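Topology and contacts: notes
Here's the letter readout for the chains.
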Amino acid sequence: MSDSGASRPVAVIIGMMGAGKTRVGREVSQMLGLPFRDADLEIEREVGMSIPDYFSRYGEPAFREVESDLIRRTLEEFDGLFALGGGAPMTPATQDALADYIADGGRVIYLQADPKEAMERANRGGGRPMLNGGDANERWMRLYKQRDPVFTRIANIHVRTHGSTPQMAARKVMNMIEERVVHVDVVAADDYNVRIGEGALNHLAGVLGDKPTRIALIHTQPVQRHSDRARALLRQAGYEVSDIVIPDAEAGKTITVANGIWERLGNEGFTRSDAVVGVGGGAVTDLAGFVAATWMRGIRYVNCPTSLLAMVDASTGGKTGINTKVGKNLVGSFYTPAGVLADMTTLASLPNDIFIEGLGEVAKSGFISDPEILRILEDHAAELRAFDGATLIGSPLEDVVAELIERTVKVKARHVSADLKEAGLREFLNYGHTLGHAIEKLEHFRWRHGNAVAVGMVYAAELASLLGYIDRDLVDYHRSLLASLGLPTSWNGGSFEDVLALMHRDKKARGNTLRFVVLDGIGHPVHLDDPPADAVEEAFRRIQQ
Ligand SMILES: NC(=O)c1ccc[n+]([C@@H]2O[C@H](COP(=O)([O-])OP(=O)(O)OC[C@H]3O[C@@H](n4cnc5c(N)ncnc54)[C@H](O)[C@@H]3O)[C@@H](O)[C@H]2O)c1
Ligand SMILES: Nc1ncnc2c1ncn2[C@@H]1O[C@H](COP(=O)(O)OP(=O)(O)O)[C@@H](O)[C@H]1O
Ligand SMILES: O=C(O)C1=C[C@@H](OP(=O)(O)O)[C@@H](O)[C@H](O)C1
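Numbering of residues starts from 1 in each chain and follows the order in which that chain's sequence is written. All chains are assigned letters beginning at A, and all ligands numbers beginning at 1, according to the order in which they are written. The predicted nature of this model means local features are confined to residues of pLDDT at least 70 and side-chain atom pairs, given and counted, to a pLDDT of 80 or more, with totals for whole chains, interfaces and linings taken over all residues. Side-chain metrics rest on all non-hydrogen atoms present in the structure, leaving aside hydrogens and water.

**Some details on the packing of aromatic side chains**
Using the following cut-off: In this scheme Phe, Tyr and Trp rings, the latter by its six-membered ring, pair at centre separations within 6.5 Å, and the angle between planes marks the pair as stacked below 30 degrees, edge-to-face above 60, and tilted otherwise. Secondary structure is summarised from DSSP: a helix means a run of H or I of at least four residues, a strand means a run of E of at least two, and numbering begins at the N terminus for each. Categorising residues by exposure relies on relative accessible area from a 1.4 Å probe, with only protein chains included: less than 20% of the type maximum marks a residue as buried, more than 50% marks it as exposed, and the intermediate range marks it as partly exposed.
All chains considered together, the criterion is met by 13 aromatic pairs. Note on Trp-140 and Tyr-144: the rings are 5.3 Å apart at their centroids and 15° apart in plane angle, and the pair reads as stacked. Placement of the pair is Trp-140 and Tyr-144 together in helix α7 (residues 136-154), with a separation of four residues, close to one helical turn. On the basis of an interplanar angle of 45° and a centroid distance of 5.6 Å, the ring pair of Phe-496 and Phe-540 is categorised as tilted. A residue pair is termed long-range when its members are at least 10 positions apart, and Phe-496 in helix α22 (residues 496-503) and Phe-540 in helix α23 (residues 533-543) qualify at 44 residues. Exposure class is identical for Phe-496 and Phe-540. Each is buried.

Written out as structure tokens, the structure is:
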């Protein structure tokens, strides 16, 4: 069902002759239990003769007219998988119909087969009038050079099938169909989508569009295998890629690193139509966003988060930034991405402890906004705590994690769409952060962000309970749920005086007024300004080991 509620195909497959549109399309329709239609077969049924006969009797223009009319009608009434003939997308009327279908939420999948493989398949069994006349392979290549750029442009999903069996290719297509998409509205800037699924990186060309010539690919060594895939996809789409490896984690979020990248962009002639792609954890997406926000006062960027925390939090919402000597994240800009591609396959290499810290922000979103997140965490705590990236893809846990990512991103999207620059509502995303940031600082950032926030949420629950907002049961629930996920619920690494001084420097503080986010129930965050000093201290005593 499309965005408009009309009956539309689940997906339309385009590609060169022999790419596998029919064979792979049938495989996918069987996997998904959906009807399948092949435009060429439908046309032959309608005109009562084979396509070669129609070509020879009436010529290609007449055929293309019949073809585009059938495609338009099918797009408006068919709800399965629909494979087009090789030349169909070259007809302007069909391009318009496909653009309308995409605008209505449709998927136009360009099946990008290896030309050698496709040519060999296209020559099997004949029946392809476009290959008649002269050397079939030479003719195929000539058509490929004309059609590939057009197919790349009009498709919103690109699936490479080089070396794939029909079943492997079908699985790739199915992953793209089953991906989850969260739309983020942005006031005074372009809206964007967060795509969550096994093949999300395949959207890079579709999100970047055909304007950029150059792409600055910013990444770190631990995600090499994923940035390699991104680089290959970018180069196949025709972009010139400047490969920029930065220091890992927080060491990469510095003005020195940013300055080095600005120099490269200048030396390599990056203009305002070029773009940045960040592949990595939240530190990478923060730095990449900051570079994009500042180069020529703003160029497009796409975040490709590879850690759970980056997928559910850091990559979305437009907070970009770096650390400086005076503190973390105090320098940056609100600057939203052109898109976020959370490719689940990148989690295959994510260490267990980094995954678990990301659950801290997932749980936070459950406490402030979506109780279903808390239920899922409870039901799957043991499997989540035992996370092993190497076995995630294809396991039952994959869909649980994808559901948690989608729900958490939706919570963030609701807040950042309503309050991009954190004037009020967006501050609720800071639940647990007032103490959390103080812990990170006093631990010299040896504690991971999500772990510090977990303790911060227990602190906020104790404070809320002391002031009568919530009962002890909910405080205890904070502790039991977070502990079941392997997250810390207490801390003893510093004095109350040191903590208090840092909480007064939190971004939410105004003047000398301490400001917190607390709950007056699950899903009901409230601002708590200038709480009684004795409660602030007593709550701290209660979270000490
Ligand atoms: N902008 C925002 O709204 C926002 C929100 C939350 C956090 N953040 C920022 O994000 C950062 C925390 O993000 P993080 O937890 O991803 O930390 P991180 O970026 O430091 O990544 C943690 C570690 O995991 C590694 N890693 C990431 N993905 C991997 C993968 N797929 N395989 C193997 N290793 C992988 C990284 O290389 C790094 O060593 C902090 O700087 C924080 O300030 C920003
Ligand atoms: N990934 C693949 N691996 C092996 N054979 C394939 C693959 N995709 C398609 N084929 C075979 O290649 C031939 C052409 O496939 P088809 O789906 O008709 O191509 P298209 O519809 O794109 O022109 C068929 O014999 C099909 O079984
Ligand atoms: O997008 C936001 O508003 C958030 C930014 C980060 O906090 P800070 O802005 O305090 O770093 C993050 O840790 C928090 O989960 C939500």
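Having seen it, we continue.
**What about the sheet that holds strand β7 (residues 192-197)?**
The following threshold applies: Pairing between strands is defined by DSSP: at least two bridges between the two strands are required. Fitted lines through C-alpha atoms serve as axes, helices being fitted only where they are in contact, and the angles separating the N-to-C directions of these axes extend from 0 to 180 degrees. In what follows, a contact means two residues having at least one pair of non-hydrogen atoms within 4.5 Å.
Taken in spatial order, the seven strands of this open sheet run β6-β7-β14-β11-β10-β8-β9, and their pairing is mixed. What marks the edges here is a single partner per strand, and that holds for β6 (180-184) and β9 (240-245). With strand direction ignored, the average angle separating the axes of adjacent strands in the sheet is 15°. Packing against the sheet, helix α18 (residues 396-418) makes contact with β6 and β7, and its axis sits at approximately 5° to β6.

**Some remarks on the packing of helix α14 (residues 352-368) against α18**
Packed helices, taken two at a time, are described by the angle between their axes plus the distance between the axes. Note the threshold: Angle categories are assigned with fixed cut-offs, so that under 35 degrees is roughly parallel, over 145 is roughly antiparallel, 65 to 115 is roughly perpendicular, and the rest are oblique. Crossing handedness is defined as follows: a turn of the near helix away from the far one that is anticlockwise and smaller than a right angle gives a left-handed crossing, while the clockwise case is right-handed. As a working rule, the residues Ala, Val, Leu, Ile, Met, Phe, Trp, Tyr, Cys and Pro are called nonpolar, Asp, Glu, Lys and Arg charged, and the rest polar, with Gly in that last group.
Across the interface, α14 lies against α18 with an axial gap of 10 Å and an inter-helix angle of 55°. Put simply, α14 runs oblique to α18. As for the relative orientation of α14 and α18, their crossing is left-handed in sense. The segment α14 lies against α18, with Phe-355, Glu-361, Val-362, Ser-365 and Ile-368 engaging Val-401, Leu-404, Thr-408, Val-411 and His-415. Residue classes in the contact of α14 with α18 are distributed as six nonpolar, three polar and one charged.

**Describing the packing of helix α20 (residues 449-466) against α23**
Close contact between α20 and α23 brings their axes to 9 Å; oriented N to C, the two are set at 130°. Relative to α23, α20 is oriented oblique. Remark: the crossing between α20 and α23 carries right-handed chirality. Residues Val-455, Val-458, Tyr-459, Glu-462, Leu-463 and Leu-466 of α20 pack against Ala-535, Val-536, Glu-538, Ala-539, Phe-540, Arg-542 and Ile-543 of α23. Grouping the constituent residues of the contact of α20 with α23 by class yields 10 nonpolar, no polar and three charged.

**Quick notes on the site of ligand 1**
For clarity, the threshold we go by: Throughout, the term near means that a residue has one or more heavy atoms lying within 4 Å of the molecule or strand in question. Whenever two N or O atoms come within 3.5 Å, that pair is a polar contact, provided that in protein one can donate a hydrogen and the other can accept it, and provided that, for residues adjacent in sequence, both atoms are side-chain atoms. Accessible areas in this description were obtained via Shrake-Rupley with a 1.4 Å probe; residue shielding takes into account the shown protein chains only.
The environment of ligand 1 is formed by 28 residues, the closest being Asp-248, Glu-250, Ser-307, Lys-328 and Glu-357. Within the contact set of ligand 1, an oxygen atom lies 2.5 Å away from a side-chain nitrogen or oxygen of Lys-328. Contact between ligand 1 and Lys-412: an oxygen atom at 3.1 Å from a side-chain N or O atom of the residue. Relative to its unbound accessible surface of 850 Å², ligand 1 loses 92% to contact with the protein. Elements represented by at least two residues in the shell around ligand 1 include exactly α12 (282-294), α13 (308-314), β13 (327-334) and α14. Of the residues in the shell around ligand 1, the class split is nine nonpolar, nine polar and 10 charged.

**Quick look at helix α1 (residues 21-32)**
For an α-helix, 3.6 residues make a turn, and residues three or four places apart therefore share a direction. Here is the rule we go by: How far a helix is expected to stretch is found by multiplying one less than its residue total by 1.5 Å.
Relative to the 16 Å expected for 12 residues at 1.5 Å per residue, α1 spans 16 Å between its end C-alpha atoms, a close match to the ideal helical length. Taken together, the buried positions of α1 are occupied by Lys-21, Val-24, Gly-25, Glu-27, Val-28 and Ser-29. Those residues of α1 that are buried lie in contact with β1 (11-14), β2 (36-38), β3 (81-83), β4 (108-112) and α8 (166-178). Positive backbone phi, approximately 65°, marks Gly-33, located one or two places after α1.

**Considering the UniProt feature "domain: 3-dehydroquinate synthase C-terminal" (unreviewed entry) in the chain**
Counted only if it meets this: UniProt positions are given in the numbering used here, feature names are shortened, and annotations may be inferred rather than shown by experiment.
The positions UniProt marks with the feature "domain: 3-dehydroquinate synthase C-terminal" (unreviewed entry) are residues 358-509. In the segment residues 358-509, helix accounts for 66% and strand for 0%; the C-alpha atoms at its two ends are 25 Å apart.

**Describing the side chain of Thr-320**
Looking at the element boundaries, Thr-320 is found in strand β12 (residues 319-324). Residue Thr-320 is classed as buried on the basis of its relative accessible area, which comes to 8%. One polar contact links the side chain of Thr-320 to the main-chain carbonyl oxygen of Ser-333, over a distance of 2.8 Å. Sequence-distant contacts of Thr-320, defined by excluding residues within four places in its chain, comprise Asp-286, Gly-289, Phe-290, Ala-293, Tyr-301, Val-331, Gly-332, Ser-333 and Tyr-335.

**Structural notes on the nonpolar core**
How we decide: Put simply, buried Ala, Val, Leu, Ile, Met, Phe, Trp, Tyr and Cys residues joined by side-chain atoms within 4.5 Å make one nonpolar core. Each domain's limits were defined by an automated method or a database of domain assignments.
Counting 81 residues, the largest nonpolar core has Phe-367, Leu-377, Ile-405, Leu-435 and Tyr-459 as the members making the most contacts within it. Here this core takes 11 residues from α20, the largest share from any one element. When residues of this core are sorted by domain, at least three fall in each of domain 2 (180-350) and domain 3 (416-543). The contacts of Leu-377, once residues within four sequence positions are left out, are Leu-359, Val-362, Ala-363, Leu-384, Leu-404, Leu-481 and Leu-485. Counting residues in each nonpolar core, the second largest holds 53 residues, with Ala-97, Tyr-101, Ala-122 and Val-150 among its members.

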